[in-house]
Structure formats: C-alpha cells, structure tokens
Amino acid sequence: MKIMYCVNSTFNSGGMERILMYKANYLADVLGYDVYIVTTDQQNRSNFFEFSDKIKFIDFGIDYDAEKNKNLFVRLLLQEFKKRRHKKCLDSLLNRVHPDICISMFCREMDFLTKIRDGSRKILEFHFSKNIKLIEAQNKIIYFAQKLRLISWKRAIRKYDAFVVLTQEDKEAWGNMDNIRVIPNFLTVYPTEQAALTAKRVISVGRLSYQKGFDYLIRIWNLVHQKYPDWQLCVFGNGAEQEQKKLDEMIRDYGLEKTISLNPATSHIGDEYLKSSVYAMTSRFEGLPMVLLEVMSYGLPIVSFACPCGPKDVVADAFGSLVPVGDMEGFAQKLMEWMEDEDRRFQAGVAARETVKKYMQSEVMKQWDGLFRQLVRH
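Residues numbered from 1 in each chain as written. Predicted model: local features only at pLDDT ≥ 70, side-chain atom pairs only at ≥ 80, totals over all residues. Heavy atoms only, no water.

S.K.: Help me get a handle on the pattern of salt bridges, residues and values and all.
M.R.: The full count for this structure, using the stated rule, is 22 salt bridges. Among the ionic pairs, Lys312 bridges to Glu169, the shortest N-O distance being 3.1 Å. Of the two residues, Lys312 sits in helix H10 (residues 311-314) while Glu169 sits in helix H5 (residues 168-174), which places them 143 residues apart along the sequence. Take Lys312: its relative accessible area is 44%, and that puts it in the partly exposed class. The partner of Glu286 in a salt bridge is Lys212, with the nearest N and O atoms 2.7 Å apart. Of this pair, Glu286 sits in the loop between strand S11 (278-281) and helix H9 (290-297) while Lys212 sits in the loop between strand S8 (201-205) and helix H6 (214-227); the two residues are 74 residues apart in sequence, bridging distant segments of the chain. In this structure Glu286 comes out as buried when scored by relative accessible area, which is 6%. Overlapping salt bridges bring together Arg201, Glu272 and Lys275 as one network. (Salt bridge = Lys/Arg side-chain N within 4 Å of Asp/Glu carboxyl O. Helix = DSSP H or I, 4+ residues; strand = E, 2+ residues; numbered from the N terminus. Buried < 20%, exposed > 50% of the residue type's maximum accessible area, 1.4 Å probe, protein only.)

Written out as structure tokens, the structure reads:
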C-alpha cells in the first residue's frame, strides 16, 4: 500500500513530528508500506528525528513563513498566491504517484486536499483538542473569530474520508460527525524497571508555559508542604526566560526554595520517573499528553486536572485521581492521599503498567492499518 503524509516540515522537535516519525517508520519498516512525506517549509534543513531510509521525502519549497514580518495586507496576498502554488504542486504529485491514502496533519493543505481528484482516500489528523483556541482567546473579539474559524474547519473536515482525533473526549467535542475516528498516540518503549515508589518525591514534566499550569502547581505545593515538609517537588522542562523568572519568583514568595526544584528538560527522564513516587499534572489544556502514558509505563500514580483533552481518557481510579481545573485545594488533598499511602501507590503502579499496554505502538498501529485497509476497500 502507498501512503502519503502532508506536513509543514520535519526539522522541528515537536510531538507531532516525533509521532509522525514513529508511524511512518513502522509503516515502512514493519508493514512494508511505500511511504512518502511531503513538506512545504523544510528549506533544506535536516530532519530532527531519525526517519527510515525507505521513506521518500519531497519538499515543495513554498516557505509560507517568509513574509511574516510584512504588513497584514501584503502577507495575506502573498499567502494566497503561495496556497495556489501549493495546491498545484500537490495536485501534480498526487496524480503522478497515485497513493492509496493521503493524510493531512492539519496543515495548510487541509482546506483544499479533498478537492484534488487523484483517486486516493483522504484522511485528516488532529493532534490537539477542538476547544484549545477558544480557551486561549484573550478577549471576546478573538473568541468570536475562533468560533468562526471552527465553523469553517468543520465544513472542511466533513469532506474527508476519515477525521482522526486523539481522544474520545475530543470526538464528543466535535459533535455528530460520521467520519470521525479516535486513534491515540502511542508508546514505543515499555520499561523493564518499575519505580519503587518509596521516595518522598513528586515529579512533573513539561514546557514552562501558561498551558502547563506550573503556577497552579506551586500554589498547590505550598498547601502540601505545610503538612509534608520532608517531600520534594521536582519539575523538568524548558521555557521562555520570562516564564522561568515568574515561576522562580513565585517559589521565593512562598518560601519554597528548598522543597521545589525547576530543572531543565532531560533526555534521561526515565531515570527521574524511577526516583519519584507520584506524578502531578496541572495543565490547563492538552491534546493527548504523552507524559501520562510514559509515567504509567514506569508505574507512577497520577494526580491531574481533568483538563481538555486526554486525562479523562487515560487516568483511571485504579492508578490516579482527576480534579476539576483550578481546584487547588482539591488537587492538594488528592496528592496528599497518594503521598501518605505507600501500599496504595504500589498497587496503583501495577495497574498503571498493565493499563498502558493498550497504548503500545504495535497495538495502536493495528488501528491505523485497519483504517487504511477499510478505506481502500470502499
């Protein structure tokens, strides 16, 4: 079977690029598919992740971002010319290669890919959650503009043979759409070692950004520290200097310098999970947070805000607790319940490691293979 992915570029280190690499490599190396990845803005830059040599890369050299410093009118005019060129290039390529399946990663081709008549089945992948743009809206005007944008997106989405989202929660948010499917992201490695869960240490991982809610976590830890002064909170993640300073200042204001540590991101995060006993996630919104799957594989119990989207799909009572977003007292209480019960933590770790097996790559890729075959048959 011949599969073509359309994405802006593959030189970034983002989660979408990483999951694309894993999927494309599996299709090419394990299932023997003929895989193409088509980009618009690669600009001769190297791939960040290690893709299989069997995958064919094609870049159109559109460079959508070249005019980002020009005034709005000029930028919109040039973007329209570039989109027409993009469609022409993709139309020509599809009719030359004749893939069985063409997949948009919700990039700039998403609104015209279904108009190209090359015989391929068209799939649209969405790696975020529907309402993120509404949550991020800073005023009523932006909120209204994003509502209109979602209406436009929905019209385009309905034209695809399949629209794939990461969570059941996001599927429900999109409403009654006949073509929507849920296929989650996946883990590629299942650790042989499980955390001992005896250390007096809570861990949290993510970019130092508004989305991840570490400002919430510091306030929560101020409540926890009053009862458990011998426990440590360790945060791992990079972010803008301004965000780092804001969090450092909060820690100082609460007098928590000796009990909270902000650490840079590490490529050996598994070692840090093994040295911890509870995972805390205070995000305001997510897509499907891969970190939850990772910590489950190491056997850590989880306390998380029930933010859109992901935690409600993943976290079960057997190994975690969900708390309404912003309920810091409730979060602190659930965190302390896990901290004070070592036997419960161990039982949760066993349950988490068993549950996460359904998110392993081989299991999830069966769903993708099944979808591809179903669409081609029809």
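S.K.: Before we move on, could you go through empty space enclosed by the protein and cite the residues and values that matter?
M.R.: In this structure the tally under the stated criterion is one cavity of 30 Å³ or more. Each pocket or cavity is described by its volume, and for the largest cavity that value is around 60 Å³. Around the largest cavity, the lining is made up of 13 residues, and of these Lys23, Leu166, Ile183, Asn185 and Trp368 lie nearest the centre. If you list the elements that add at least two residues to the lining of the largest cavity, you get helix H1 (15-30) and strand S6 (162-165). The residue makeup of the lining of the largest cavity, split by class, is nine nonpolar, two polar and two charged. (1 Å grid on protein atoms, 1.4 Å probe; cavity = no way out; pocket = protein on both sides within 12 Å on 5 of 7 lines; lining within 4 Å. Points joined across faces, edges and corners; volume = space filled by probe spheres on them. Nonpolar A, V, L, I, M, F, W, Y, C, P; charged D, E, K, R; others polar.)

By themselves, these observations are geometric and do not establish any function.
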